[in-house]
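Chain by chain, the residues:
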Amino acid sequence: MTNTLRVAINPNTKKSVVFPLIISGAVLLLMMIAGVLMLLSQGNLIKLDTIMFYKVMTLHGTGMIGASILAVSAIMWYFLSQYVPLKRSVFHLYIILFLIGVTMILIAIFGYDFAGSWTFLYPLPAISGGVWGKTGAALYLGGMLVIGTSFLIFLLETARAIIKKYGSFSTTLGWPQLLGKKEGFGPPPTVVAATMVCIVDITALIAGASILLMSLINLYTPSFTIDPLLAKNLTFAFGHVLANSTIYMGVIAVYELLPRYTGRAWKSNKIFLIAWNLSTILTLSAYPHHLLMDYAMPKWVLILGQVLSYINGIPVLVVTAFGALMIIYRSGIKWDVASTFLYLSIFGWVIGVIPAIVDATIVINEVMHNTKWVPGHFHMYMGMGVCAMILGFMYYLTRVEGGRTDSKFDQFIFWMYFLAFLGLTYSFLFSGKTSAPRRWAEHLPEWTPVDIVAAFFGFFAMVIFLLFFFRFINYSSKIGKNISNTEDIGTSTHG
Ligand code: HEM
Ligand SMILES: [Cu+2]
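Residues numbered from 1 in each chain as written. Chains lettered and ligands numbered in written order. Predicted model: local features only at pLDDT ≥ 70, side-chain atom pairs only at ≥ 80, totals over all residues. Heavy atoms only, no water.

### Points about the coordination of the copper ion (ligand 2)
Stage number 1. His240 (ND1), His289 (NE2) and His290 (NE2) make up the full set of protein donors to the copper ion (ligand 2), lying at 2.1 Å.
Stage number 2. Of note, the copper ion (ligand 2) draws all its donor residues from one chain, in the sequence arrangement H-x48-H-H. Placement of the pair is histidine 240 in helix α10 (residues 228-262) and histidine 289 in the loop between α11 (270-285) and α12 (299-312), with a sequence separation of 49 residues. A single burial state applies to histidine 240 and to histidine 289, both of which are buried. (Donors = N, O, S within 2.8 Å, 3.2 Å for Na, K, Ca; no water. Helix = DSSP H or I, 4+ residues; strand = E, 2+ residues; numbered from the N terminus. Buried < 20%, exposed > 50% of the residue type's maximum accessible area, 1.4 Å probe, protein only.)

### A look at the confidence of the model for the protein chain
Stage number 1. In the predicted model, the protein chain carries a mean pLDDT of 93, and 97% of its residues have values of at least 70.
Stage number 2. Every residue in residues 483-495 scores below 50 in pLDDT, and together they form 35 contacts with partners more than four places removed in sequence or on other chains. (pLDDT = per-residue confidence, 0-100. Contact = heavy atoms within 4.5 Å.)

### Describing the site of ligand 1
Stage number 1. Close contacts around ligand 1 come from 25 residues, with Gln42, His60, Ser117, His379 and Arg439 the closest.
Stage number 2. Within the side chain of glutamine 42, one N or O atom sits 2.8 Å away from an oxygen atom of ligand 1.
Stage number 3. In the shell around ligand 1, the residues fall into 14 nonpolar, eight polar and three charged. (Near = heavy atom within 4 Å. Polar contact = N/O pair within 3.5 Å; in protein donor to acceptor, adjacent residues only side chain to side chain. Nonpolar A, V, L, I, M, F, W, Y, C, P; charged D, E, K, R; others polar.)

### Quick word on the nonpolar core
Stage number 1. Within the largest apolar cluster, 158 residues are counted, with the highest numbers of intra-cluster contacts made by Trp276, Trp349, Phe393 and Tyr396.
Stage number 2. Considering each element in turn, this core owes the most residues, 20 residues, to α10.
Stage number 3. Of all hydrophobic cores here, the second largest spans seven residues; its members include Ala34, Met38, Leu48 and Met57. (Core = buried A, V, L, I, M, F, W, Y, C linked by side-chain atoms within 4.5 Å.)

### Re the packing of aromatic side chains
Stage number 1. Applying the stated rule across the entire model yields 37 aromatic pairs.
Stage number 2. Aromatic side chains tyrosine 248 and tryptophan 349 sit 6.2 Å apart centroid to centroid with 80° between the ring planes, which places their arrangement in the edge-to-face category. Of this pair, tyrosine 248 sits in helix α10 while tryptophan 349 sits in helix α14 (residues 337-359), and the two are 101 residues apart along the sequence. Accessibility classification places tyrosine 248 together with tryptophan 349 in one group, the buried group.
Stage number 3. Ring pairs connect the aromatic residues Phe341, Tyr395, Phe414, Trp415, Tyr417, Phe418, Phe421, Phe465, Phe468 and Phe469, which therefore count as one cluster. (Phe/Tyr/Trp six-rings, centres within 6.5 Å; stacked < 30°, edge-to-face > 60°.)

Take a look at the structure:
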């Protein structure tokens, strides 16, 4: 049975994703603890002093987004290796540089008190009101730059390999099929998704690198200033796109694994290709929803931002949700914990998009944007969408490559994970509804009961994640070692 579930790639490639998955699992766990600490402090059950609260918030935001990117990029690497020859040495370089960046950020936060949030919005890094100095800000911005560069190297290798094999991105986005020049299906869904991710993330990283560099110069030469509105645009062209793209990497696990479980292929038909082409443009152009409160922005940009945000995630979401239903319908699939996680990640994605669309509406945004409604939506999308895909993939790896068998305990973990995240995210949305602002270290007495409920669910999520992580660690050392299966002798890897 597990033979049909296996992916035919070089065992060393299989092994190479284990370390980054362990790192991201450990970071997710630690950041969950940080999240619970913030909630306990907002709920007045413990007291983090204000500076500590913002340090923890900066750590949590940066760590969660960073850990998610690391894990989903490993997913993309793993499955893309079937279709194009990728250099393993580049993957290792990416991980090493990534970890150097992480170390710089940790030193910035804990050694030099940097607490300017993961969005490092100009000119905050330079004017901290005496909380942190230049060194702290420079280490943080520099650390982000190193992480960004590492991810850029990863993407450039991906892009190189795709273009070398298929000729161009227009081919891998299925333009020949869409323009009627070629019959049949487009390239494998994984290749289409990886192309989209390369396009949007390389663009985002260029925007990010330019604002990071300008902020660094401004730090040491205050006479060099940046138009704050331009700075904010660049920052969100970076932050929004990068965070958003995690789901487009994670979903590759769904495209690759549900067909293996059902014995049916997931093909890139025309509708699939149109959806991914649309999402490429929309993901890049929806970020102005972060600037709806900036009255200095040209009105037409904001209106465009609203409209494009509505449709931003929808094309790919619809083809994925519909595709998943089709592939499962009457397939006689034998569910295991991994496939259930992957299947329900689509549900997490769907329900996370709804409050996002509400928030991207200008009239609602004016009231809601700085409330906990916003963390409510992205914790749904990240926790039950992206992270569920990551957990699904990790469960898959330990089952099919690591010899784990599903136990009642794993099923328990699955249900409790979703329950905990539903509780946590609904508490956030409820806080938003009662006008509790986001990013406030101190909460008014009327907001604290919901903070305590959220802290309970957050703690619960953390314990469940810890149990899951133990299961992964226990079986992880076997991944890539079992080469008895001839399918395993991959043809698609160098280096
Ligand atoms: C046990 C699970 C978690 C808990 C308890 C938790 C808790 C929190 C809290 C309390 C905040 C600050 C809310 C405020 O503005 O007042 C926050 C912000 C944030 N969280 Fe989480 N979180 C969890 C999981 C996650 C996950 C899985 C991700 C992403 C993969 C994530 C990403 C973020 C980000 C990006 C922020 C924004 C930080 C900022 O405003 O600068 N969190 N979280
Ligand atoms: Cu956004």
